[in-house]
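Next come the chains, spelled out residue by residue.
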Amino acid sequence: MEHLISSQDMARFVASGFLRYDHMVPEDLCHACREEMTSFGGYRPVGTPFEETWPKDGALGELFRLPKVAGLIHSLVGPDPLYDHHAAHLVKARTMRGPNTHQDSVIDFRKNYFDIQLSFFPVDTPDEMGGTFIVPGSHFRNVRTGEINAYQHVLGKTWATCPAGTFYVWNTRLWHGARSNHTDQDRYMFKLRLNPTQPQVGHFDMSALDDPEIPRILNTRHGWEGNEMRYELMKRVELWRYVSAQPDYDIGERFMRRREYQPQLADDQRG
Ligand SMILES: [Fe+2]
């Protein structure tokens, strides 16, 4: 598999819950996808093998088989993922959106496993057109879908202002929502959710696991964490241990020890 994401990008995904890749898709294919997206086509059955979901001869079928896109998907969910659902999200021209912060996965409490969502922007999406907003690093905060919709100005919130052909890929649990479209053009964003079929361990390019940049990436402060930063960092280290197959990974001066040291066990070992 080519075009696997780097170890550093995987650490960014763990810390922030999303990655952004510009210029993933050639202009003519962006245009063809935009045309095809106007016909939704209906949901496929949840759990259909992703490979069988879109035929190779369609624009979207071609999109998902671009080596860079295939490498991105493989890096995060591994081989043979399953289709969950898709949507061609439309925010019509001159549509104002009120508070709508939410989390898609209301009942997903699996440890380590995570679904991904791909957000593809087939046309230039300037600031005034909206673009999905996200709250980076919020994917360890399980809430009940729209329970958080009153939160509008979370520190660190960012949104997709991007050129045509941009892909965002994000952990399904990331807090997000749609923004207003102040332009005279409809805005489309194609969303696709995928499920892994096996443990999400070591599917990315693991050649740079020892890069000293990685603990700094895991320590990223997005703005909203405040005093909860230590808690967030623990969750990130746990997930990083899992995806990178390093069960004893730690940062700083044995940061995780406070939680993992158990006097009783140490006593038993001393015999
Ligand atoms: Fe959503």
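Numbering of residues starts from 1 in every chain and runs along the sequence as written. In keeping with the model being predicted, local features are shown solely for residues with a pLDDT of at least 70 and side-chain atom pairs are shown and tallied solely at 80 or more, while totals for entire chains, interfaces and linings include all residues.

Describing the sheet that holds strand E4 (residues 133-134)
And step 1. Here we have 3 strands laid out as an open sheet, ordered E5-E4-E7, and antiparallel in their pairing. Looking along the sheet, the strands with just one partner apiece sit at the ends: strand E5 (158-159) and strand E7 (176-177).
And step 2. By this definition, two strands are paired if DSSP reports at least two bridges between them. Think of it this way: any DSSP run of H or I at least four residues long counts as a helix, any run of E at least two long counts as a strand, and we number them from the N terminus. Here E4 runs beside E7; their pairing, made up of 2 bridges, is antiparallel. Following the sheet pairing, isoleucine 134 is matched in E7 by histidine 176.

Description of the packing of helix H1 (residues 7-16) against helix H6 (residues 229-243)
And step 1. Between N-to-C directions, angles cover 0 to 180 degrees, with each direction set by a line fitted to C-alpha atoms, over the stretch in contact for helices. One way to put it is that H1 packs onto H6 with a least axis distance of 9 Å and a crossing angle of 145°. Between H1 and H6 lies a crossing whose hand is right-handed. Together, Met10, Ala11, Val14 and Ala15 of H1 and Arg236, Leu239, Trp240 and Val243 of H6 make up the contact between the two elements.
And step 2. Here the contact of H1 with H6 is built from residues that sort into 7 nonpolar, no polar and 1 charged. In this scheme, a crossing is called left-handed if the near helix is turned counterclockwise away from the far one by less than a right angle; it is called right-handed if the turn is clockwise. By the criterion used throughout, residues are in contact when their C-beta atoms, derived from the backbone, lie within 7 Å. Throughout this entry, Asp, Glu, Lys and Arg are counted as charged residues, while Ala, Val, Leu, Ile, Met, Phe, Trp, Tyr, Cys and Pro are counted as nonpolar. The remaining residues, Gly among them, count as polar.

Thoughts on the pairing of strand E8 (residues 187-195)
And step 1. The pairing of strand E2 (residues 82-91) with E8 spans 9 bridges and is classified as antiparallel. Bridged to tyrosine 83 within E8 is leucine 194.
And step 2. Sheet topology places strand E3 (residues 116-121) next to E8; 5 bridges connect them, and they run antiparallel. Within E8, the residue paired with isoleucine 116 across the bridge is leucine 194.

Describing helix H4 (residues 67-77)
And step 1. Looking at H4, one finds that the buried residues are Val69, Leu72, Ile73, Ser75, Leu76 and Val77. For H4, the angular spread of the buried residues around the axis is 165°, confining them to a single face.
And step 2. Check the buried side of H4 and you find it contacts H1, strand E1 (18-21), helix H3 (59-64), E3, strand E6 (166-171) and E8.
And step 3. Taken from the residues just after H4, glycine 78 is the one with a positive phi, measuring 80°. In this scheme the burial state of a residue depends on its C-beta neighbours within 10 Å: 20 or more other such atoms mean buried, 12 or fewer mean exposed, and anything in between means partly exposed; the C-beta positions come from the backbone. This arc is taken over the directions from the axis of the helix to the C-beta atoms.

A word on unusual backbone geometry
And step 1. In the Ramachandran plot, histidine 3 falls in the positive-phi region, its phi being about 60° despite a non-glycine side chain.
And step 2. Inspection of the secondary structure puts histidine 3 in the segment before H1.
And step 3. Phi is positive for alanine 245, close to 55°, though the residue is something other than glycine.

Things to note about the sheet that holds E3
And step 1. In space, the 5 strands of this open sheet follow the order E1-E6-E3-E8-E2, with antiparallel pairing throughout. Bordering the open sheet on either side are E1 and E2, each of which pairs with just one other strand. For this sheet, the mean inter-axis angle between neighbouring strands, taken without regard to orientation, is 15°.

A few points about the nonpolar core
And step 1. Within the largest apolar cluster, 51 residues are counted, with the highest numbers of intra-cluster contacts made by Ala11, Val14, Ile116, Val169 and Leu218.
And step 2. When residues no more than four places from it in sequence are discounted, the contact partners of leucine 218 are Ala11, Val14, Ala15, Leu233, Arg236, Val237, Trp240 and Ile251. The nonpolar core is taken to be a set of buried Ala, Val, Leu, Ile, Met, Phe, Trp, Tyr and Cys residues joined by way of C-beta atoms within 7 Å.

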